[in-house]
Structures are given as C-alpha cells and as structure tokens.
Amino acid sequence: MATSLGANTYNRQNWEDADFPILCQTCLGENPYIRMTKEKYGKECKICARPFTVFRWCPGTRMRFKKTEVCQTCSKMKNVCQTCLLDLEYGLPIQVRDTGLDVKDDVPKSDVNKEYYTQNMEREIGNSDGTRPVGILGKAPSSSEMLLKLARTTPYYKRNRPHICSFWVKGECKRGEECPYRHEKPTDPDDPLADQNIKDRYYGINDPVADKLLKRASTMPRLDTPEDKTITTLYVGGLGDTISDAELRNHFYQFGEIRTTTIVQRQQCAFIQFATRQAAELAAEKSFNKLIINGRRLTVKWGRSQAARGKEAIKDGVSEMGTRLDPVPGLPGALPPPPALEEDTPANYFNLEAGTSPNVMNISLPPPPGINPLPPGFGPPMFHMGSMGPPPPPPMGMRPPGHIHYPSQDPQRMGAHAARHGD
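Below: a short report on this structure.

Conventions and cut-offs
Residues numbered from 1 in each chain as written. Predicted model: local features only at pLDDT ≥ 70, side-chain atom pairs only at ≥ 80, totals over all residues. Heavy atoms only, no water. Phe/Tyr/Trp six-rings, centres within 6.5 Å; stacked < 30°, edge-to-face > 60°. Helix = DSSP H or I, 4+ residues; strand = E, 2+ residues; numbered from the N terminus. Buried < 20%, exposed > 50% of the residue type's maximum accessible area, 1.4 Å probe, protein only. Arc of directions from axis to C-beta. Core = buried A, V, L, I, M, F, W, Y, C linked by side-chain atoms within 4.5 Å. Contact = heavy atoms within 4.5 Å. Pairing = 2+ DSSP bridges. Axes fitted to C-alpha atoms, helices over the stretch in contact; angles between N-to-C directions.

## Some remarks on the packing of aromatic side chains
Here comes step 1: This model, assessed by the stated rule, comprises four aromatic pairs.
Here comes step 2: Seen in terms of ring centroids, phenylalanine 252 and phenylalanine 274 are 6.2 Å apart; in terms of plane orientation they differ by 70°. Their pairing is edge-to-face. You can see phenylalanine 252 sitting in helix H11 (residues 245–252) and its partner phenylalanine 274 sitting in strand E6 (residues 269–274), a full 22 residues away along the chain. A single burial state applies to phenylalanine 252 and to phenylalanine 274, both of which are buried.
Here comes step 3: Following the ring pairs from residue to residue traces out a cluster consisting of Phe252, Phe255 and Phe274.

## Side note on H11
What sets the pattern is the α-helix's 3.6 residues per turn: residues three or four places apart point alike.
Here comes step 1: Along H11, the residues classified as buried are Leu248, His251 and Phe252. Taken around the axis of H11, the buried residues stretch over an arc of 85°, which confines them to a single face.

## Let's talk about the nonpolar core
Here comes step 1: If you look at the biggest cluster of nonpolar residues, it comprises 21 residues, and the most contacted ones within it are Leu234, Val236, Leu248, Phe252, Phe274 and Leu298.
Here comes step 2: Elements represented by at least two residues in this core include exactly strand E4 (233–237), H11, E6, helix H12 (277–287) and strand E9 (299–302).
Here comes step 3: The leading source of residues in this core is H12, at four residues.
Here comes step 4: If near-sequence neighbours (up to four positions away) are discounted, valine 236 is found in contact with Leu248, Phe252, Gln268, Cys269, Ala270, Ile272, Leu291, Leu298 and Thr299.
Here comes step 5: Formed by 19 residues, the second largest nonpolar core is a distinct cluster that contains Cys48, Leu85, Tyr117 and Tyr203.

## Examining the sheet that holds strand E5 (residues 258–264)
Here comes step 1: Read across the open sheet, the four strands follow the order E5-E6-E4-E9; overall the sheet is antiparallel. Each of the sheet's edge strands pairs with one partner strand only, and the pair in question is E5 and E9. With strand direction ignored, the average angle separating the axes of adjacent strands in the sheet is 20°.
Here comes step 2: Against the sheet, H11 contacts E4, E5 and E6, and its axis sits at roughly 140° relative to E5.
Here comes step 3: Sitting on the sheet, H12 touches E4, E6 and E9, and the angle it makes with E9 is about 145°.

Quick look at the structure:
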C-alpha cells in the first residue's frame, strides 16, 4: 500500500537516532574502554517494528558480540536494557518487577493501538526530565521487599559468553581452540529456560526465568524473632574492609537509638545493640536480606544471649573471643554416659548370659611345701563360674597315674630318693 509524501515524512521523523545505547552494566561489559559500531536505522525494533539506530560491540575477551534489540522508546517505557530487556534498577525480568510492585502495564499489541500508545509515551517522555520512569511504572511505589531480596547487586558477566558450538556437539568441529563458540555439553532441551522469547520477556508473560525467580522468592528464609525479650543486638556479617562504623550507624540510626556498635575486623562482622527491643525488631525487619552498603550485600541476624552463646561455643570448640580452639593431641575423646541402672535388675558382675546355668568347679591351690595335701572332699569352697573355658588341671599330687612327661616329676623316683635319705 502506497503512502503519501506527508505520511512518509512524518514516519521518518519518528525514526530513532541516538548517540549511545541504554544498557545495563552486565551487557556493557567490564572493560571501561570499549569500541562500538553504530548503524543508523540499521534494524527495526522487535517490539514496535520501527527502524532505530543499532549499536554493536564486544563486552570482553572470549565473549560474544552483542547488539541492541529494541528501540530506546520501548526501553524507556519499561525502564529496561535495550539488549537483555532486564530492569535497569533491579536487574530482574519485567514480570518479576511488576509482580513485586503490584503494577500491570497493558501495552497494546495490535499495530494501530501500539503506534498510538507509543506516540503518547514519546510525548510523555519528552516532557519528563528523564531521571524517572514514565507511565504506570512511574506512579508505582519506589521499592518492594521481594525485589530488594531478589535484586542483583553485581554484574553477571557469564551471561555474555559465546553460544555452544553445534559442530562440536555433533563431533565435527575442526577449529579446536580457535573456535569462537563454547565447546560444552548443551542443557536439557526439556528445560524451560532453554525456550525464551523476547516478546514474552518484554510483555511480562510466560517468562521461564521470571517463573524460576518467583518460586525462589516464595521459599526464601525468614528471620525469626527470638523469644528472649532482653536481646536487642543484631549481627551484621560480610562487612569486608571498606565499611566503617559511621556507615553502619548512618543506616541503623533511622530505626531507633543505638547503644553500642562493635566491629570485629578479624571476622568482618559487627554487632549493633539498640536501646529498645522495638527498634531492634524494626531494624531486623527492614534490613534482613535487603541491606546493601557500598555495593556489598550484608547479612543481618539476631544476636544471641550470653548463656546460649556460651553453650554453643563449648559445643563447637570456640572460645569466648570467637577463635576456634584446636584439639590437644593425645587426649581421649568424650566418654559416653554410663548406662542407666534399674533397681529391679540384678547386678551381673561376671557378664553371665541370661538363662544359662553356671558351671560348678572346684579350684584348689597346691599346698605349701612341707604340708601334706588334703584328702579328697576337703578343700576350698565351690565357685560358680560362667563361660570361662575349661577348668584348670588339678595339682600334681592329685593327678591319677599316667604318662610322666618329666623324670623329675616321677612320684616313685621322688619316693626312692626320700627313702635313701631316710636310711
């Protein structure tokens, strides 16, 4: 269908011509010195289908080349990156951000309504200062607890890696180390993250990455308030070497009066003690999984009472100063507790098995020299012994006559020797 000269001129005036793209830190890369190619009206926007200026660059070494996918008008309407279409403030998909802020921005999808909606948004963008989002997103609340928990605070440069080499998967890649693509095993094709659509990402529907993040948000841990009402101290971990005492006080003083602030530089943690329990509870609620100072996400937990801390330190082998005690070599381990004795259970000193009758045996000792042995039937009392093996042999004087192993133990020879001495 032919268009008039006036309509064509009007449409060309609405084509986008920019000097620099709208990008997030991840897509831009970690190299501060970067070269971009600029192609004026190079492609049409994948959302509004209008020509726009395309930028192309390499975010870093061994990374794939990236380019802008949507025009700057569509990017400003949703406050997203022109390449990855993630929110510029939180680094999250649009579906997660709109769910956290409880907003619903119904962008028209038909050509005529989309063009009319885009023109109105361009007029609103032109009248704004450019520092805040426009439309429904600009009227939304400034922050959300769920978004602060899920927000990415550092760039994720692994997202810029090259795609997987399809020839290597088939075993036909001949480039070796010079191949610009990754030689890795691909993910499961049934994985929902393997099927992503740029329009679904922009409109905030059927986004598998958003579904995964929303499920993670529903299972996030919560900070339980201790039952001991005397605890008014909060533990802050992950300080690093750059966060000072003044920066901690500037953040926590808004919740109530602070009694003391103690920083343990060796373990990179701090203890914030409030004057009241109400101030400590408010600080824990507003700071748990949301505290970011100097770009570092800090861990916030409740402190422990002295009694509980002492028990745990003894259990874990940690001294009161927080240093771990090394075990002393050569010392035995902890002994097991003695078994509980019941009053009705008889004492079994000889470990006799239950239900077995003890053997009766007569243990007699040989008489001292010069004393005649006792006749049979007279001797020490009978002892009841259990499973102690075969009884010992009787003394030499009480053994029946049999094979003599040693000549010196022959009773006849011994008697003959005694008879000669008597003569």
